[in-house]
Amino acid sequence: MTVDTLSPQDHIALAERWGAHDSVPFPVVLAGGEGAWVSDVEGRRYLDFHGGYSAINFGHRHPALVAAAKTQLDRLTLSTRAFHNDQYAPFCRDLAELTNTEMVLPSNSGGEAIDTAVKIARKWAYQVKGVPDGAAEIIVAGANFHGRTMTIISFSTHDNHRAGFGPFTPGFKVVPFGDIDALRSAVTENTAAVLLEPIQGEAGIVVPPKGYLAEVRELCDDSNTLFIADEIQCGLARSGPTLALDEAGVRADLYTLGKSLSGGLLPLSAVIGRADVIGVITPGDHGSTFGGSPLACAVGRATVALLATGEFQERSRELGAHLHARLNELDGVTEVRGRGLWAGVQIAEERTAGRRVTELLAERGLLCKEDRGHLRVAPPLVVTLEEIDLGVDMIADVLA
Ligand SMILES: *Cc1c(COP(=O)(O)O)cnc(C)c1O
């Protein structure tokens, strides 16, 4: 049996039989994508308002990214860090220049970048801050999402992310997101870092109270604590600026990037930030076979080049204002959260009761994710004004 002859139902049944049951994918089997559109195995087209959880900021198969990948596939795909390759250093330089940071440590998944940032913060606490060995604490926010590794779920507040997986990695404290007093009370002389998403993605696209991020920065300065901003979902123009923290005029000591860093072509993540902090990593401390591969770095350089034009940041701001204005007018919507081309659309309970909003949207030709009563709207930043209107009209129709 070749893949081409399988119906959507065949694919779903095979996945059920042979794939691990780690997710319940929406029952559509995708086979193609271009720009803001995807198509399924039967050729049906859908407008993509999901955007790969923000990994598809530049649209599906952006021509510049595909070209960079194809060129590199014909040259060299892997060197490992045992040897230099001719894409790694230019990628690190270009990404640091784009983000106005000093040093780059590339890796693969977002979770790997978070794990790496945790390791760096702990080592910095022992070597630089003088925290007694084994006592370093990292403070995180409630309802956080930083990934699924064993260490990361140790500080998740989602019970289903943790259940059955203990024992957990110690050394983390959780405080409510957006509550500066709670954070202040939690900081001790053993605090290595505060780790936050400047805008919480999986929690429902939650923007913290005005002034909060600047207060976090001040608290970190006063207590000699690192501020680690997880920009894996909110960064790289998704919320408007290159880095979401830029909006608040705040700089973090370390940032984690992932998802759109490769435009959704392959896994590519990084820890970026202060050279004196990332500098605690010395040869042999840390490593990854694929981290900094020439293939990933070539695509990453092409992504950085797209962001360097400022076009996507501008699109996110301008089209985002339009998206938010339109969503705010909809009947049956109680709240629209977020920034840029990114919205958490809270739907009135009576409008969702007994209805499968995302299925009704898919019938009309729109893919979107629903979670605990809200729709997550994150179209690729290449989406046009007309396509936004088309998608919002479909949402209006389903909620009517
Ligand atoms: C997706 C995500 C991660 C984890 O990235 P993976 O590539 O899935 O490991 C971490 N932090 C945030 C904010 C994310 O949205």
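Whatever comes next refers back to the structure up there.
Computed from a predicted model, the values in this text were never measured in an experiment. (Residues numbered from 1 in each chain as written. Predicted model: local features only at pLDDT ≥ 70, side-chain atom pairs only at ≥ 80, totals over all residues. Heavy atoms only, no water.)

**What to know about the site of the ligand**
Lining the immediate environment of the ligand, one finds Ser 109, Gly 110, Gly 111, Phe 145, His 146, Gly 147, Glu 197, Asp 230, Ile 232, Gln 233 and Lys 259. In this structure, an oxygen atom belonging to the ligand sits 2.8 Å away from a main-chain N or O atom of Gly 110. Backbone polar atom of Phe 145 to a nitrogen atom of the ligand: 3.3 Å apart, as the coordinates give it. When isolated, the ligand has an accessible area of 380 Å², and the protein chains bury 80% of it. (Near = heavy atom within 4 Å. Polar contact = N/O pair within 3.5 Å; in protein donor to acceptor, adjacent residues only side chain to side chain. Areas by Shrake-Rupley, 256 points an atom, 1.4 Å probe, with all protein chains shown as cover.)

**A few points about the environment of Gly 291**
With respect to the secondary-structure elements, Gly 291 resides in the loop between helix H10 (275–278) and helix H11 (294–308). Counting along the chain gives 96 residues from Gly 291 to Leu 195, while the straight-line C-alpha distance between them is 22 Å. Those residues within four positions of Gly 291 in sequence are excluded, and the remaining contacts are Arg 81, Pro 106, Ser 107 and Asn 108. (Helix = DSSP H or I, 4+ residues; strand = E, 2+ residues; numbered from the N terminus. Contact = heavy atoms within 4.5 Å.)

**Observations regarding helix H5 (residues 110–129)**
Helix length check: H5 (20 residues) gives 27 Å between terminal C-alpha atoms against 28 Å at 1.5 Å per residue, within 8%. Burial in H5 covers these residues: Gly 110, Gly 111, Ala 113, Ile 114, Thr 116, Ala 117, Val 118, Ile 120, Ala 121, Trp 124, Ala 125 and Lys 129. After H5 finishes, the residue Gly 130 shows a positive phi value of roughly 85°. (Expected span 1.5 Å × (residues − 1). Buried < 20%, exposed > 50% of the residue type's maximum accessible area, 1.4 Å probe, protein only.)

**Remarks on unusual backbone geometry**
A cis geometry characterises the amide bond from Gly 166 onward to Pro 167, with omega recorded as 0°. Note that Pro 167 resides in the loop between helix H7 (159–162) and strand S6 (172–175). A positive phi is found at Ala 143, a non-glycine position, where the angle reads about 65°. By the element assignment, Ala 143 lies in the loop between strand S5 (137–141) and helix H6 (150–153). You can call Ala 143 partly exposed: its relative accessible area is 30%.

**Structural notes on the side chain of Thr 242**
Relative to the helices and strands, Thr 242 is located in the loop between strand S8 (226–230) and strand S9 (254–257). Looking at Thr 242, the relative accessible area reads 13%, which means it is buried. Within the structure, Thr 242 has its side chain in polar contact with the side chain of Gln 313 (distance 2.9 Å). Residues contacting Thr 242, with those up to four places away along its chain left out, are Leu 98, Gly 235, Leu 236, Ala 237 and Gln 313.

**Structural notes on the pattern of salt bridges**
Following the criterion strictly, the structure yields 20 salt bridges and no others. Residue Arg 317 is joined to Glu 247 by a salt bridge in which the shortest nitrogen-to-oxygen separation is 3.9 Å. One end of the pair, Arg 317, is in helix H12 (residues 311–328); the other, Glu 247, is in the loop between S8 and S9, with 70 residues separating them in the sequence. The partner of Arg 356 in a salt bridge is Glu 359, with the nearest N and O atoms 3.2 Å apart. (Salt bridge = Lys/Arg side-chain N within 4 Å of Asp/Glu carboxyl O.)

**Some details on the sheet that holds strand S15 (residues 374–377)**
The four strands are arranged S11-S12-S15-S14 in an open sheet whose pairing can be described as antiparallel. Edge positions in the sheet fall to strand S11 (333–337) and strand S14 (369–371), since each of these pairs with one other strand and no more. Going from strand to strand, the sheet's axes swing by 25° on average, the running direction of each strand aside. Examined bridge by bridge, S14 and S15 share three bridges and lie antiparallel to one another. Bridge pairing in S15 places Asp 371 opposite His 374. (Pairing = 2+ DSSP bridges. Axes fitted to C-alpha atoms, helices over the stretch in contact; angles between N-to-C directions.)

**What to know about the packing of helix H4 (residues 88–99) against H11**
Close contact between H4 and H11 brings their axes to 9 Å; oriented N to C, the two are set at 25°. It follows that H4 is roughly parallel to H11 by the angle criterion. Handedness of the H4/H11 crossing: left-handed. Contacts between H4 and H11 involve Tyr 88, Pro 90, Phe 91, Arg 93, Asp 94, Leu 95 and Leu 98 from the former and Cys 297, Gly 300, Arg 301, Val 304, Leu 307 and Ala 308 from the latter. (Parallel < 35°, antiparallel > 145°, perpendicular 65-115°, else oblique. Left-handed = near helix turned anticlockwise from the far one by under 90°.)

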